[in-house]
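Chain by chain, the residues run as shown.
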Amino acid sequence: MASLDTPQRFITPGDVRVAARNGSLLGSTAGMANGFVQVNLVILPEEQANGFLRFCQANPKPCPVLAVSEPGARQCDVLGEDLDIARDVPSYRIYRNGKFDGTLNDVSDVWRDDLVTFAIGCSFSFEHALLQSGVPVRHIEEGRNVPMYKTSIPLRPAGGFSGNMVVSMRPFRAAAAIRAVQITTRFPQTHGAPVHLGDPSLIGIENLGSPDYGDAVSVAGDEIPVFWACGVTPQQVLMDSGIEFAITHTPGHMLVTDIPESQVALL
């Protein structure tokens, strides 16, 4: 878990990437490098890449693709300079034969020449816009990772992949919730407007205090839980597909790019 002052120490995207690369950053990247796009990563063999791309195109809300690498490439100019996909994320998850097989802080030793990287938009990218408009973001206030939940919302099967959506949650009072909808609608490439507000049981979530990924946050009695499609969705889909090998980011531990958030916002 990141401490409350952690984001202040990593102001630029390069600061975050270097800290992840040298091992001094191990926690969530929420609130870091404000004004720049953070991305989810899905890294899988070229043999499955076309099918996964079709899945993302069929499900753009949880899987908005910002960039796709060449096979074996650990750099992607679209995302930034001095960027190493295998080393610049604080924590990675490894999957083998559809099973989670542990975390690594550096995946150089398991990298393969056939691996294709998908950079998928992340809701951390619109949080700066929320804060600039005076809309509080609870997990940043509490120094926690955003809570994420598996849901009963079905995805469109495509390319050999299928499953249900994962969502992230942020609680707001009613006026702030309305403002959050207005603001995040401008960011379709980082999940856009929420997919649900209010009663979590309507989307298959039994207990807000027990997220499937990330950390629980406080929710006051006069607050509404607001749910956004989440880029962790592919991680659950990869397990359901039984894919032979894949790498992703650890939920909340993102790759911070050099892309200004203004480039992914609708004016």
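Above this text is the structure in question.
Residues numbered from 1 in each chain as written. Predicted model: local features only at pLDDT ≥ 70, side-chain atom pairs only at ≥ 80, totals over all residues. Heavy atoms only, no water.

(A) Representation of helix α6 (residues 233-241). Within α6, the full set of buried residues consists of Thr 233, Pro 234, Gln 235, Gln 236, Val 237 and Leu 238. Phi turns positive, to about 70°, at Gly 242, one or two residues after α6. (Buried < 20%, exposed > 50% of the residue type's maximum accessible area, 1.4 Å probe, protein only. Helix = DSSP H or I, 4+ residues; strand = E, 2+ residues; numbered from the N terminus.)

(B) Spatial organisation of the packing of aromatic side chains. Overall, the coordinates contain 8 aromatic pairs when judged by the stated rule. A ring pair is formed by Tyr 149 and Phe 227, whose centres lie 6.4 Å apart and whose planes are at 75°; its orientation type is edge-to-face. Remark: Phe 227 occurs in strand β9 (residues 224-229) and Tyr 149 occurs in strand β6 (residues 148-154); sequence separation between them is 78 residues. In this structure, Tyr 149 and Phe 227 share a single accessibility class: buried. (Phe/Tyr/Trp six-rings, centres within 6.5 Å; stacked < 30°, edge-to-face > 60°.)

(C) Just the sheet that holds strand β7 (residues 164-172), in detail. Spatially, 4 strands are ordered β6-β7-β9-β8 in an open sheet, and the strand pairing comes out antiparallel. The open sheet has two edge strands with one neighbour each: β6 and β8 (196-197). (Pairing = 2+ DSSP bridges.)

(D) Highlighting the side chain of Gln 235. Looking at where Gln 235 falls in the secondary structure, it is placed in helix α6. Take Gln 235: its relative accessible area is 0%, and that puts it in the buried class. Every residue in contact with Gln 235, bar those within four places of it in the chain, is listed here: Arg 93, Tyr 95, Thr 248, His 249 and Pro 251. (Contact = heavy atoms within 4.5 Å.)

(E) The arrangement of the environment of Ala 265 in detail. The residue Ala 265 is located in the segment after β11 (255-260) in this model. You can call Ala 265 buried: its relative accessible area is 14%. In the structure, Ala 265 is positioned 73 residues away from Gly 192 in sequence and 9.5 Å away in space, judged by C-alpha atoms. Ignoring anything within four residues of it in the chain, the contact list for Ala 265 reads Arg 186 and Phe 187.

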